[in-house]
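One letter stands for each residue in the lines below.
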Amino acid sequence: MATTLYIDADACPVKEEVYRVARRCGLKVFVVSNAWINTPREPLIEQVVVDAGPDVADDWIAERAGRGDIVITADIPLADRVLKSGAQALKSNGQPFTTDSIGSALAGRMIGEHLRSMGVPTSGPPPFSAADRSRFLQALDAAVVRARRDAA
């Protein structure tokens, strides 16, 4: 079973980094979005444009990702779903979602949604930095090593 990379691509700032690692390691990449995104025309990189709608891209990824695969996403519910299927999930800043951390991430998301529904202003994520990009590359390399071990 080969490792596959899935990018929840609509707002992903590290697509080029994923392509670089995929080329170096010979891994298939699915770039999944609700609209066309400029992607390299290469055999290992495939763009998937799904219908518009809430969670359509997430559903496509969750239905396919499994043990030995890696999903790059900022979407906490999607991360929860792919972790349950045995895949790894990474944020674009390199922080992994884990079975130990996903419960508190889901709870924090629910609290933020509740506060916003009450009109309480909340802060968004911090600006994406060069250090985040570097951490992501290191985390993705480590995830590939784990995925290959898990797939064996």
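Attention in this report is confined to the structure presented alongside it. Because the structure is predicted, anything quoted here is derived from the model rather than measured. (Residues numbered from 1 in each chain as written. Predicted model: local features only at pLDDT ≥ 70, side-chain atom pairs only at ≥ 80, totals over all residues. Heavy atoms only, no water.)

## Topic: the sheet that holds strand β1 (residues 4-8)
The following threshold applies: A strand pair is defined by DSSP finding two or more bridges across the two strands. The secondary structure listing takes helices from DSSP runs of H or I that are at least 4 residues long and strands from runs of E that are at least 2 residues long, numbered from the N terminus. In this description, contact between two residues means that some pair of their heavy atoms is separated by no more than 4.5 Å. For helices, the fitted axis covers only the stretch in contact; all axes are lines through C-alpha atoms, and the angles between them, taken along N-to-C directions, range from 0 to 180 degrees.
Pairing within the open sheet is mixed, and its six strands lie in the order β3-β2-β1-β4-β5-β6. In the strand order of this sheet, the two ends are held by β3 (45-49) and β6 (96-97), each with one partner. Sheet topology places strand β4 (residues 70-72) next to strand β5 (residues 88-90); three bridges connect them, and they run parallel. Pairing of V71 across the sheet is with A89, part of β5. Packed on one face of the sheet, helix α2 (residues 56-64) meets β1, β2 (28-33), β3 and β4 and runs near 165 degrees to β1. Strands in contact with helix α3 (residues 76-84) are β1, β4, β5 and β6; relative to β5, the strand with the most contacts, it is inclined by about 160 degrees.

## Some words on the nonpolar core
Convention followed: By convention a nonpolar core is built from buried Ala, Val, Leu, Ile, Met, Phe, Trp, Tyr and Cys residues, the set being connected through side-chain atoms within 4.5 Å. When a residue's accessible area, from a 1.4 Å probe over protein chains only, is under 20% of the maximum for its type it is buried; when over 50% it is exposed; and in between it is partly exposed.
The biggest cluster of nonpolar side chains holds 24 residues, and the ones touching the most others in it are L5, I7, V18, V29, I70 and L140. The element contributing the most residues to this core is helix α5 (residues 130-151), with six residues. If we skip the residues at most four places from it in the chain, V18 touches L5, I7, V29, I72, F136 and L140. Judged by nonpolar contacts, the second largest core, of 19 residues, contains F30, A57, W60 and A89.

## Considering α3
Cut-off, in case you're wondering: Polar contact is defined as a pair of N or O atoms within 3.5 Å, subject to the rule that within protein one atom must be able to donate a hydrogen and the other to accept it, and that residues adjacent in sequence are counted only when both atoms are side-chain atoms.
For α3, the complete set of buried residues consists of I76, L78, A79, D80, V82 and L83. Among the residues of α3, the N-terminal cap falls to D75, whose side-chain oxygen and the backbone nitrogen of L78 are separated by 2.7 Å. In the segment just after α3, G86 is the residue with positive phi, at about 100 degrees.

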